[in-house]
Amino acid sequence: MIQTIAFYLFAVLVIASAVMVITARNPVHSVLWLILAFFNAAGLMVLVGAEFIAMLLVIVYVGAVAVLFLFVVMMLDIDVASLRAGFVRNFPLGLVIALILLAELVLGIGAYRAGEIALGTPMVAAAAPVGASNTAAIGALLYSEYLFLFEAAGLILLVAMVGAIVLTHRPPKTVRGHQNISKQVRRTPEEATVMKRPNVGEGIEL
Amino acid sequence: MGYANSLYLTGAEIGLSLTGLVLLLVTAWTGRGAARAITIAAVAALFGALIFTGVLLDETMTGLAGRAFGDLFTVDAFSSLAKILIYVATIGCLILAPHYFERHGEYRGEYPVLILFNAVGMGMMVSATNLMTLYIGLEMSSLASYVLASFARSDTRSSEAGLKYFVLGGLASGIILYGISLVYGFSGTTSYDGIRLAFAAQFTTGAVFGMVFVLAGLAFKISAVPFHMWTPDVYEGAPTPVTTFFASAPKVAAVAMLVRIAFEPFGGETGGWQQIVVFAALASIVVGALGAIGQQSLKRLLAYSSINNVGFILIGLAAATLEGASAVLTYLAIYVFMTLGSFAALLILRDPEGDKLTTFADIAGLATRSPALAWSLLFLMFSLAGIPPLLGFYAKFVIFQAAVEADMIALAAIGIAASVIGAFYYIKFVKVMFFDDAVDTRRFHAPAGHWAVLAICVIVNSPLGYLLTPWFGRMADAAGLSLFAFA
């Protein structure tokens, strides 16, 4: 009973916030609604027992992707009105694409249910240990069976980071002066200021 | 699980990665001044990997294969030989690099570091016996390549090349990944052996789709027609040392990976991929030969030449026999030296102000300005055209022999006819260099490293290279045999 209530709560909130993402006038609000949608999707994942994916949703999507979106939205000056202008004109095309996607989904799932698509049986070596939570199961495979690939994937990220820095980092042109505090403190009014009495109509030489 | 043997078999990759990491730290703290020293260290590391792989090749020549980390990584004669070619090509490219970039003050220590990580990725590609290893190796190599393509930041063409390569390369990776997901879905495993067993039991339409997607994505990576459109633009826009690299080492890695994936997981379904490869081979040969004719830019011309060469390599693959696999490796080895030599000559071609000379007009009358360079280019171009007694002829000879022995006489005949078309623009090089009048009579000054690379490539391509063929042929046969060990 409590699961059913929780499911409908999360499901309704996901759909409602997804609708708000595309209808909100302010792009920053859209991103915030998107974050709410991610949180509720994570809740749905917990309900089906995929707690690892729920964690990933929160950490990766909310923590990284959505924050990145926020930065992009705030830094770029997006004119929402001009984006909306083509909505009515492109609506029929969008509808056709949506219908095609729906048909593909129905056909695909229908063929699979009818046994038309015979999938391979998973290899035994990759099967999850019995009784472990799926976080533990993924960890056990990732750090033993696939250790080599895990390390290599880390190297890929390093290469990407090096690449980003190489292509964008420019060494600063001018070197900033260093502040010498003791020298500043040692200054006296006598040596720091000069009194002048310029004549009218003449310049002043320092 | 004991990791000792796995670590030993992946020694070259681990050594190169660790060297890359250390050099990255060194370059972060020393700045640009140490870039040349870092390049020398990277070359030394690649030499070490080369020797280590040579030892492994010696151990695996008898046909024994070593598996590391379950079935993720395989060391057999095929992978070791391909890696030796890759490391040799990479060393050549690193030697050619500093002089070019230093003129614009753009040489930085990250260049050799990225090349080292690229070499790690390429090693994983040729050793992969699991689709996941394949993909991770491919991405490591590709990501480093995108950065290298736009390494000359002040040059807008270089940035354009990098962006084009990145977008199209990302698309190709997506296609490969989609194919991999289909193959996994219909076979239940990503291991090459497992896929072969699963497909032998049941080869459904979905699996065919997966296979075609994987092959299409790989065809992009080796720039085979009809996925070649990016090649001339990227090769022309990227800095010349980077183009040298793209045309040599990653091409060897991608072709070797394609050969392994065709013979191992899809080896039972030869009929399924043979027609695709035959089409790609013929289309590449014809487009490569015809597309090069109108080009004025030498780099663009060499890009089309590489498309043309990929076509010949694919003929060997299309034969789908042991001789074909061995011929592919022989062709690749000779191709590496032809390409390295041609680009080394292009890098020597600069006027005294250091500006690059990259069109046919610039090499007019080269024979009077620098006879050594002109004669070297003559040797290389005749070799690329496949004119005996140069070694390029032997490369084409083994390929066509494999095709004829596999009863693909029509394929071989069209290939030979198209290679005559290709000979036109190679000989145009010679005509312009020897029979046109020189506009500029100044001489060239290039570092000794460039001349050394050029000299080695010319000697290998000269008739002296035939002395190496029995020795290399033995290794190539052992390598080909190791691909068929499973069957």
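Given the structure is predicted, the values throughout are model-derived calculations rather than measurements.

Visitor: It is not clear to me how the overall build of chain A should be interpreted in this structure. Could you clarify?
Guide: Assigned secondary structure in chain A consists of nine helices and zero strands. Secondary structure elements of chain A occur, N-terminal to C-terminal, as α-α-α-α-α-α-α-α-α. By the compact-globule yardstick of 17 Å for 206 residues, chain A is too spread out, its C-alpha radius of gyration being 31 Å. The dimensions of chain A, computed from C-alpha atoms along their principal axes, are 105 × 55 × 40 Å.

Visitor: Looking at this structure, how should I read the overall build of chain B?
Guide: On a plain count of helices and strands, chain B comes out with 21 helices and two strands. The C-alpha radius of gyration of chain B comes to 21 Å, within 12% of the 23 Å expected for a compact globule of 487 residues. Projected onto its principal axes, the C-alpha positions of chain B cover 70 × 60 × 40 Å. Per-residue burial for chain B yields a buried fraction of 59% across its 487 residues. Relative to all contacts within chain B whose residues are 6 or more apart in sequence, the contacts with residues 24 or more apart total 79%.

Visitor: For this particular structure, what's the right way to read the interface of chain B and chain A?
Guide: Interface size is often expressed as the accessible area that is lost when the parts come together. In this assembly, 35 residues from chain B lie in contact with 22 residues from chain A. Of all the secondary structure elements, the ones that give two or more residues to the side of chain B that touches chain A are helix H2 (11-30), helix H5 (110-127), helix H6 (131-149), helix H7 (156-187) and helix H8 (192-201) of chain B. Here the element with the most residues in the side of chain B that touches chain A is H6(B); it accounts for eight residues. Partitioning the side of chain B that touches chain A into residue classes produces 18 nonpolar, 13 polar and four charged.

Visitor: Would you mind showing me how to read helix H5 (residues 87-113) of chain A here?
Guide: Think of an α-helix as turning once every 3.6 residues; residues three or four places apart then point the same way. Residues and elements named next belong to chain A. If you check H5, its first and last C-alpha atoms are 37 Å apart, about what 27 residues at 1.5 Å a residue would give, namely 39 Å. Considering bend angle alone, the principal kink of H5 is centred on Leu-93 and spans about 30°. With zero of 27 residues buried, H5 lies mostly on the surface of the structure.

Visitor: Please explain helix H11 (residues 240-247) of chain B as it appears in this structure.
Guide: Residue and element names in this part refer to chain B. With eight of its eight residues buried, H11 lies for the most part within the structure. Those residues of H11 lying buried are Thr-240, Pro-241, Val-242, Thr-243, Thr-244, Phe-245, Phe-246 and Ala-247. Next to the buried residues of H11 lie helix H4 (77-102), H6, helix H10 (230-237), helix H12 (249-263), helix H14 (298-319) and helix H15 (322-348).

Visitor: Looking at this structure, how should I read the packing of helix H18 (residues 391-405) of chain B against helix H19 (residues 409-435) of chain B?
Guide: Axes are the key here: two packed helices are described by the angle between their axes and the distance separating the axes. All names here are of chain B. Between H18 and H19, the shortest axis-to-axis distance is 8 Å and the interhelical angle comes to 155°. Overall, the two elements H18 and H19 adopt an arrangement that is roughly antiparallel. The hand of the H18/H19 crossing is left-handed. Mapping the contact onto sequence places Lys-396, Phe-400, Ala-403 and Val-404 in H18 and Ile-409, Leu-411, Ala-412, Gly-415, Ile-416 and Ser-419 in H19. Taken together, the residues of the contact of H18 with H19 break down into seven nonpolar, two polar and one charged.

Visitor: Please clarify how unusual backbone geometry should be interpreted in this entry.
Guide: If a residue is not glycine, its phi is most likely negative; likewise, a peptide bond is most likely trans. Residue and element names in this part refer to chain B. In this model, Val-225 is joined to Pro-226 through a cis peptide bond whose omega is 5°. Its location among the elements puts Pro-226 in the loop between helix H9 (205-221) and H10. Here Pro-388 and Pro-389 are connected by a cis peptide whose omega angle stands at 10°. Mapping Pro-389 onto the fold places it in the loop between helix H17 (371-385) and H18. We note that Ser-223 has phi near 55°; this positive angle belongs to a residue other than glycine.

Visitor: Can you walk me through the environment of B:Ala303 in this structure?
Guide: Residues and elements named next belong to chain B. For Ala-303, the location among the structural elements is in helix H14. Assessed through the 27 C-beta atoms surrounding it within 10 Å, Ala-303 is described here as buried. Along the chain, Ala-303 and Ala-247 lie 56 residues apart, while their C-alpha atoms are 7.7 Å from each other. Setting aside its immediate chain neighbours within four residues, Ala-303 contacts Thr-231, Pro-232, Tyr-235 and Glu-236.

Visitor: So what exactly am I meant to see when it comes to the confidence of the model for chain B here?
Guide: For residues with low pLDDT, the predicted coordinates do not support detailed interpretation. For chain B, per-residue confidence averages 90 on the pLDDT scale, and 98% of positions sit at 70 or higher. Note on the complex model: pTM 0.88, ipTM 0.91.

Visitor: Help me understand the packing of H17(B) against H19(B), please; the structure alone is not making it clear to me.
Guide: All names here are of chain B. The N-to-C vectors of H17 and H19 enclose an angle of 170°; their axes lie 9 Å apart at closest approach. Classed by the angle they form, the pair H17 and H19 counts as roughly antiparallel. Listed contacts from H19 to Ala-374, Leu-377, Leu-378, Met-381, Phe-382, Leu-384 and Ala-385 of H17 are Gly-422, Ala-423, Tyr-426, Ile-427, Phe-429, Val-430, Met-433 and Phe-434. Here the residues of the contact of H17 with H19 are counted per class, giving 14 nonpolar, one polar and no charged.

Visitor: It is not clear to me how the environment of B:Tyr184 should be interpreted in this structure. Could you clarify?
Guide: Residue and element names in this part refer to chain B. Tracing the chain through its elements places Tyr-184 in helix H7. Separated by 11 residues in sequence, Tyr-184 and Ile-195 have C-alpha atoms that sit 7.9 Å apart. Ignoring any residue separated from it by four or fewer positions in sequence, one finds Tyr-184 in contact with Leu-131 and Thr-190.

Calculation rules
Residues numbered from 1 in each chain as written. Chains lettered and ligands numbered in written order. Predicted model: local features only at pLDDT ≥ 70, side-chain atom pairs only at ≥ 80, totals over all residues. Helix = DSSP H or I, 4+ residues; strand = E, 2+ residues; numbered from the N terminus. Rg over C-alpha atoms; globule rule 2.2 N^0.38 Å. Buried ≥ 20, exposed ≤ 12 C-beta atoms within 10 Å, placed from the backbone. Contact = placed C-beta atoms within 7 Å. Nonpolar A, V, L, I, M, F, W, Y, C, P; charged D, E, K, R; others polar. Expected span 1.5 Å × (residues − 1). Bend = angle between axes of the 7 residues up to and from the residue. Axes fitted to C-alpha atoms, helices over the stretch in contact; angles between N-to-C directions. Parallel < 35°, antiparallel > 145°, perpendicular 65-115°, else oblique. Left-handed = near helix turned anticlockwise from the far one by under 90°. pLDDT = per-residue confidence, 0-100.

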